[in-house]
Each structure stands twice: as C-alpha cells, then as structure tokens.
Amino acid sequence: MMHCRALIRMGCACAAAFAASWISGAIAQAPAQTPVKVGFVYVSPISDAGWTFQHDQGRKQMEQALGSKVQSKYVENVAEGADAERVIRELAQSGNTIIFTTSFGYMNPTEKVAKQFPKNDFMHATGYKMGPNMGNYNARFYEGRYLTGVIAGKMTKSNILGYVAAFPIPEVLQGINAFARGARSVNPKAEVRVIWVNSWYDPGKEREAALTLISQGADIVTHHTDSTAVVQAAEEKGKYAFGYHSDMSKYGPKAHLTATTHQWGDFYTRQVQEVIAGTWKPMSTWGGYKEGMIKLAPLNPAVPADVKETVVKLEGELKAGKFHPFTGPVKDQSGKERVPAGKVISDDELGKMDYYVEGVAGNLPKK
Amino acid sequence: MFKLEARPQASLAMRYASPAIAVVLMLIAGVVVFSALGRNPIEGFQVFFLNPMRDLNAVTELLLKATPLMLIAVGLAVGFRANVWNIGAEGQFLMGAVAATAVALAFQSSESALVLPTMVVAGAIGGALWAALPALLKTRFNANEILTSLMLVYIAQLAVSWLVFGPWRDPAGFNFPQTEMFSDAALLPMLIEGTRLNYAFILALGVLAAGYVFMERSYTGFKMRVAGESEAAARYAGYSAVTTIWIGLLAGGAAAGLAGMAEVAGPVGQLTDKISSGYGFAAIIVAFVGRLNPIGIFFASLLMALLYIGGEQAQQYLSLPASISKVFQGMLLFFLLGSDVFIQYRLRRSARQ
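About the cut-offs
- Residues numbered from 1 in each chain as written.
- Chains lettered and ligands numbered in written order.
- Predicted model: local features only at pLDDT ≥ 70, side-chain atom pairs only at ≥ 80, totals over all residues.
- Helix = DSSP H or I, 4+ residues; strand = E, 2+ residues; numbered from the N terminus.
- Contact = placed C-beta atoms within 7 Å.
- Rg over C-alpha atoms; globule rule 2.2 N^0.38 Å.
- Axes fitted to C-alpha atoms, helices over the stretch in contact; angles between N-to-C directions.
- Parallel < 35°, antiparallel > 145°, perpendicular 65-115°, else oblique.
- Left-handed = near helix turned anticlockwise from the far one by under 90°.
- Nonpolar A, V, L, I, M, F, W, Y, C, P; charged D, E, K, R; others polar.
- Pairing = 2+ DSSP bridges.
- Domains from an automatic or database assignment.
- Buried ≥ 20, exposed ≤ 12 C-beta atoms within 10 Å, placed from the backbone.
- Arc of directions from axis to C-beta.
- Expected span 1.5 Å × (residues − 1).
- Right-handed = clockwise from strand over helix to strand, strands pointing away.

How do you make sense of the overall build of chain A when you look at a structure like this?
Scanning chain A from N- to C-terminus turns up 11 helices and 14 strands. A principal-axis box enclosing the C-alpha atoms of chain A has dimensions of 100 × 45 × 40 Å. For chain A, the proportion of contacts with a sequence separation of at least 24, taken over those separated by at least 6, is 64%.

Written out as structure tokens, the structure is:
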C-alpha cells in the first residue's frame, strides 16, 4: 500500500513538475512569439549613402541580430515641420514599443508624443531633451575626423585641406577642429580652409564649394554635408577626399582615402534587446570608437603603410578610451587657450563649441 | 493620323467635372500601381485613401495639413485668374512666419489676449510685403513676376536661416537653429481638444469665403477676371493693369503670410529653418486642381493633404517607398491636364495624305 501510494505521489509530483515546467516554459516563450515592434523616422529618403542610409543599415543590422524577436517599420522623408508629430504618433498608436527619431528637428514633436504615450519608449538622435520615456543618442563623429586629419596631414603636398560644411553648429565645428588638430599633429604647416554652403543637402553647391577649394590649392577635401558631390568632384579633379556618414568609395575609387562612418547597428540592437528584456531606461548616449558607433571605412591602397600604422595605433587608443582628440593645450585661432595643457575637454564644452582651433583659416560666420 | 481639333464650345459642365474625372482615373491607375508593386490593390486603396479618414483624430490631421494649402491657394487664385503669376508663395509664407514670430518673441512674457490677433495681422502684412517686391518690380520696371517672386523664395529661406542661426536662436538650445517655444498666449487655441486642429482652419474657411465674394461678386474681382481673359479688353474698358497686378500679388502674399503665421503659432510652436514643408509650391497645384475657385480649392486641398498623409501610411503599413505620394500627385495632375485637353479639343482622324 505504502509503496503504491508513494508511487502515486511521485507520479503526481512528476506530473505537477512537468506541468509547471511546461507552463513556465510557455510563459518564457510567450514574449518571443509576438515580436517587439520598432519604428524609425527618417528625415530623407534612404538612398545609397549618407545620414539616413546609415540609420537604415543600423535598423537592418538590428533586425538581423534579433531575428523573429523584432519587427521594424520606417517612414522616410518626413519633414521636420508639422508632419513629424503625426508620423511619430501614428507609429506609437500602431504599437511600436520603441521609436527612434533620427533627426534634430524631431526633438520637440518626439517630446510631445512621448508625453501622450507614456507606455512607449522614444529615442531621439542628436538632440538634448530627455523624459521619463524619452532618451537621446548621438555619436562622437569628431573621433573619426581626427583620424582622417592625421591621414590628410601626412599625405597633403600643398598643405591646404578643404572642408565643405553645412552650418556652424557645435557638431560641425567639432569635426572641423578635430580634423585640423589631427592634421597639425603630424604636419604643423597644414591649414584647413572651410566653405559654408548653408545647406545639409545641396549637391550643386557642395560640388561648387569643393571645386573652389581645389582651385585654391587644396589637394585633399572633405565635407560635412549629406551628398557624395565632394568625393565625386575630387575624383574628377584627381585629388583626394574623405567621405562622411557612409563609405563613399564607389563614388570616387581613386579619390576616396577613407570615410568617417556612422555605425548605429550595435546601438539599436542593444536598445531593442533592453526593451525586450524590460530593462530599457531613458539614457543620453554619446558614443564613439569605444562603443562601436564610429568606424573608418577601409583605407585606400594609396595610403602609405606608415600612415596606416599610425591610424591603427590611434584607433586602438580611441577604443581603449586612452586618447581624446581635444586633449589640452587646445588653442583657438586667436591663440587663446581653450583647454589647458594636460586637461581633456569636457562634453559640455564640446556641446557649446563655437570657435575654430589653430590651423583653421578664415573667420567663423558671425552670429 | 490623328489631330486635335478645337471644340467650338467647350462644355462648362465638363470643365468643372474634369477634376472628378481625374481623381477617378488616378484611382484606376492606382490599382495598376499597387498591383505592379505586388500589393493587394484593395488593401493599398484602403491604407492610402481610407486610413487617413478612419477616425476623428485622423480627420483633424487631414484638415490640419490642408489648412495652409487652402489658405495659400485661394490667395494665389486671385492673382492667377488675372494672369498674375505669383510663384513665390513659399517665400511669402516664410516671411509671414517671420513677422508673426517677431511679435511672439517680443511679447514672450505677455499673457495678453491681443498677442495672437497681432500675430495674425503681422503674418498677413509680412507675406504681403514680400509679395509687394515683385509687384513693384513688375509695375515699375516690367520685370517678370514669375522670376522675381521665385527668386525671392531663396532670399526668404536664407533670411529665416540667418534669423534662427543668429539673433533669434534659443539661448538654451545648444546652438541649434530654432527660436524658443512660443508662450501659450502666442499659440492658436485648439478647435477640438486633444487634437492638433486649431482655429487656423476656421480662419482658412473665412478666407475662402472672402475669396469667393471678392472673385465672384465684386466689381474689382470682375475687372481682374476680364484682365485675365483678355488684356486688350481690360485696357479698352479702362481697367488699370497696375491695380490688377498689385491686388493679385498682395492677396497671394497676405494669404501665404497667414498660412506661415498659422504654422509657427500652430502645430510647430516656434520658428525653425524647416518651418515650411513646401506648402507654397504645393498650393500652386491645389489652386489649379481646384479650378481657381474657392469651393474647388477647398476640396483640392483636402485631396492633396490626403495624398501626403496616405503616402506616409503606405510607407508604414505597406512598406512602400516615400515617393508613392509623388507618384499619385503626378498622376492626378497628368489626368487633370489630360481631361482638360479633351474638354477643349477633340480627337479627329485626319485623312491620310
């Protein structure tokens, strides 16, 4: 009898345990069965290169990494005016748990929608506002700029480097100054000349500016605008160029030495993973080489081996967080010391940068 | 083999029916487009054309998007009817936004109920002043207003850019190109709480009505219509060509300026360098699809707004590219012009030589 009862008890326990494990397994699997929906808002069409293209590459990389656990949607070419709020709200309404809005002009609309949808998460690129369910993110593009500056400083023969730039906001100035500091670190005679085109995307003007810089003697040009016109102009004129945002080598196979490329894929993957795990919190992320958000495109064979070596060494130091392109002394154009020797510029100072460093020619457009 | 032959009398009924014919043809062609893209045409139709009208919130968004279009288009129609070709509504829109912003920023700490009416007046004056330049150049130097008004768009864009990067930049905005957010006294109140539809829509309806009275019922409107249909007849009747040009441009400028004001004081709430989404140019299409008639313009602006929003929905729910909106806009215009041709002309088989 006892024996029998024990058997029954054991059997019951087994069944219970089995059922329990089956139920808990089912619970654990349940979230995986309904993919997390992720929305993206792009400021321009995706096209083949540039700011939005890199974000979309990041989205695809995230989708690939997380497979059936996610389902992503994007809306491209959304104007930064009154339309943005409607698009963001529509994405929130249709069940996108996290929404990435990838241009500065989406900041206020993102904030408004975030307040109306407290259960959704929002990440805004390149802005500064935060909220209980809204974070922001950006990359330290200037790190790549410094490296391209080093290459330019070593490879220029005329010692004149051309830079086509959009608007004198801190992000663009960080790039110009880092480029100049990189060049001057290996070639004190190097000088950076800047032309402002007052547009983020205007291939005609960008091309014209590049040709002007080349006619002024620049033998290496780069740009902080969104088209591939500058690389193409350099290719035509037999000069060198650095791409920006994307690897632009197919637009100038001879001219394109390398490019500062934006890598959002790992970041998007991490963010969405946190959303899936339920650990997502709004953060302000400003990542660089260390976080894998910045990378140089493959170097052109024209880059000499010793230069390549220097770049690889610096890349290692950036990854390890041992080197900062704005390590003092940082002097501005007028010779005024902005960062004393031995000190590293603070993120706050970077965010307010409104001067040219030594080595940049010309005057900053007056306010 | 075929030739187009002018009809002795073009049908008036058909002239008004042609936008409807164009819409029907666009929908039929849309079925082909959706099928060619490998999408179910019924689903495509539903997402593109019905989703933007699915509930109150969606309808208010549609009206919000249509508001600047109807405002600008009715102002332009006044000039277009008199052969005054103001292509620069985009610039006048921006200058209206600038003038309204100047008022809003000057009274940022005021709670007076007069701030908003002042902004409305300032917006209209700002737009009208920008349109006065081509009017002056046309009447004084006979400079082509198509060119001058268009070129002034670029100047207006650069002026806005200078203002938001320079003197009007939000000091707490990390050097980004935008002004401070306006205070509540400088924002248009909502028409329906919980939506973004504001009183600018009522203002637009008022301007449409005023446009109707002016163009269809007033003597000046009649004189301008005569000038548009036959310059020689207008001259013979002693109607002033100069007055026609001035009224044509100022009406367009003032209406576009109002639209600019409504945008900064409405859904955006600040001036940025991206304030216009090309409304000034889209409104030219709206004016013509609406037959330069205020009632037609009302429906045409709703249709254009529908095409914009439908395009967004098609991206989000059908993963179609953003250019789908432009494809539909292009088809609409194509069929409209096509219908017009066959209303004015008929196809005749010509004898083989």
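Hey, could you run me through the overall build of chain B in this one?
For chain B, the count of helices and strands is 13 helices and 2 strands. Here the C-alpha atoms of chain B give a radius of gyration of 22 Å, agreeing with the 20 Å that 2.2 N^0.38 yields for 353 residues. In terms of overall dimensions, chain B has C-alpha extents of about 80 × 60 × 30 Å along its principal axes. In chain B, the proportion of contacts linking residues at least 24 apart, taken out of those at least 6 apart, comes to 78%.

Explanation requested: the packing of helix α4 (residues 89–106) of chain B against helix α10 (residues 241–268) of chain B in the structure shown.
Residues and elements named next belong to chain B. Contact geometry of α4 with α10 gives a least axis separation of 6 Å together with a crossing angle of 55°. As judged from the angle between their axes, α4 and α10 are oblique. In the packing of α4 onto α10, the handedness of the crossing is right-handed. Note on element contacts: α10 touches α4 through Gly 252, Gly 253, Ala 256, Gly 257, Leu 258, Ala 259, Gly 260, Met 261, Glu 263, Val 264 and Ala 265, opposite Ala 89, Gln 92, Phe 93, Leu 94, Met 95, Gly 96, Ala 97, Ala 99, Ala 100, Thr 101 and Ala 104. For the contact of α4 with α10, the class distribution of residues is 14 nonpolar, 7 polar and 1 charged.

Is there a simple way to think about the sheet that holds strand β6 (residues 160–165) of chain A in this case?
Strand pairs in the sheet, formed through backbone hydrogen bonds, run parallel or antiparallel to each other. Residues and elements named next belong to chain A. The strand order β7-β6-β8-β9-β10-β12 describes an open sheet built from 6 strands, whose pairing is mixed. In this open sheet, the two strands that pair with only one neighbour each are β7 (191–196) and β12 (294–296). Within this sheet the neighbouring strands show an average axis-to-axis angle of 15°, counted without direction. Where β6 and β7 come together, 6 bridges link them in parallel fashion. Bridge assignment links Ala 165 to a residue of β7, and that residue is Trp 196. The strands touched by helix α7 (residues 203–215) are β6, β7 and β8 (220–224); relative to β6, the strand with the most contacts, the crossing angle is about 165°.

Just to check I follow, could you spell out the sheet that holds strand β1 (residues 36–41) of chain A for this structure?
Residue and element names in this part refer to chain A. Here 6 strands make up an open sheet; going across it, the order is β2-β1-β3-β4-β5-β11 and the pairing parallel. Strand pairing shows two members of the sheet lacking a second neighbour, β2 (70–75) and β11 (284–287), which therefore form its edges. Recorded for the sheet is a direction-independent mean angle of 20° between the axes of neighbouring strands. Its contacts with the sheet put helix α4 (residues 107–116) on β3 (98–101), β4 (121–125) and β5 (134–139), and the angle it makes with β4 is roughly 170°.

When you look at the domain arrangement of chain A in this model, what are you seeing that I'm missing?
Where interface size is quoted, it is often the accessible area lost as the parts come together. Residue and element names in this part refer to chain A. Domain parsing of chain A yields domain 1 (35–139 + 264–287) and domain 2 (141–261 + 326–351). Distance between the C-alpha centres of domain 1 and domain 2: 29 Å. Taken residue by residue, the interface counts 8 residues in domain 1 and 9 residues in domain 2. Tallied by class, the residues present in the side of domain 1 that touches domain 2 amount to 5 nonpolar, 3 polar and no charged.

I keep staring at the packing of helix α3 (residues 83–93) of chain A against α4 of chain A and nothing clicks. Help me out?
The packing of two helices is summarised by the inter-axis angle and the distance between the axes. All names here are of chain A. The geometry of α3 relative to α4 is characterised by a closest axis approach of 9 Å and an angle of 35° between their N-to-C directions. Like other packed secondary-structure pairs, α3 and α4 cross with a definite hand, here right-handed. The segment α3 lies against α4, with Ala 84, Glu 85, Ile 88, Arg 89 and Ala 92 engaging Pro 109, Thr 110, Lys 112 and Val 113. Looking at the contact of α3 with α4 residue by residue, the class counts come to 5 nonpolar, 1 polar and 3 charged.

Mind showing me how you'd approach helix α2 (residues 41–50) of chain B here?
Since there are 3.6 residues in each turn of an α-helix, residues three or four apart along the chain are aligned in direction. Residues and elements named next belong to chain B. What α2 keeps buried is the set Gly 44, Val 47 and Phe 48. Each buried residue of α2 lies within a common arc of 90° when the element is viewed along its axis, so the set occupies one face. Here the buried face of α2 lies against α1 (12–36) and α12 (294–318).

Which parts of the structure should I look at to understand unusual backbone geometry?
Residue and element names in this part refer to chain A. With an omega of 5°, the peptide bond between Gly 328 and Pro 329 qualifies as cis. Assignment of secondary structure puts Pro 329 in the loop between α10 (305–320) and β13 (330–331). In this structure, Ser 47 is a non-glycine residue whose phi angle is positive, near 50°. Structurally, the position occupied by Ser 47 is in the loop between β1 and α2 (51–66). The phi dihedral of His 245 is positive, around 70°, even though this residue is not glycine. On the secondary structure map, His 245 appears in strand β9 (residues 240–245).

Looking at this model, I keep getting lost on helix α7 (residues 200–217) of chain B. Mind explaining?
Residue and element names in this part refer to chain B. The terminal C-alpha atoms of α7 lie 25 Å apart, and with 18 residues this matches the ideal 26 Å at 1.5 Å per residue to within 8%. Within the span of α7, buried status applies to Ala 200, Phe 201, Ala 204, Val 207, Leu 208, Gly 211 and Met 215. Projected down its long axis, α7 carries its buried residues within an arc of 110°, all on one side. With respect to the buried face of α7, the exposed residues turned more than 90 degrees away are Gly 206, Val 213 and Arg 217. Tucked into the core, α7 has its buried residues touching α3 (56–81), α8 (219–229), α10 and α12.

Please clarify how the environment of Ala 92 of chain A should be interpreted in this entry.
All names here are of chain A. Assignment of secondary structure puts Ala 92 in helix α3. Given 22 C-beta atoms within 10 Å, Ala 92 falls into the buried group. C-alpha of Ala 92 to C-alpha of Asp 121: the two residues are 29 residues apart in sequence and 8.9 Å apart in space. Excluding residues within four positions of it along the chain, Ala 92 makes contact with Ile 99, Val 113, Phe 117 and Asn 120.

Would you mind going over the pairing of β9 of chain A with me for this structure?
Every regular strand shows the same layout, with side chains that alternate between the two sheet faces. All names here are of chain A. In terms of burial, β9 is largely enclosed, as 6 of its 6 residues are buried. Across 2 bridges, β8 lies against β9 in parallel orientation. Residue pairing across strands places Ile 220 opposite Tyr 240, the latter belonging to β9. Read from β8 through helix α8 (residues 229–237) to β9, the crossover connection turns out right-handed. Pairing geometry for β9 and strand β10 (residues 256–262), over 5 bridges, is parallel. Opposite Tyr 244, over in β10, you have Thr 260 as the bridge partner.

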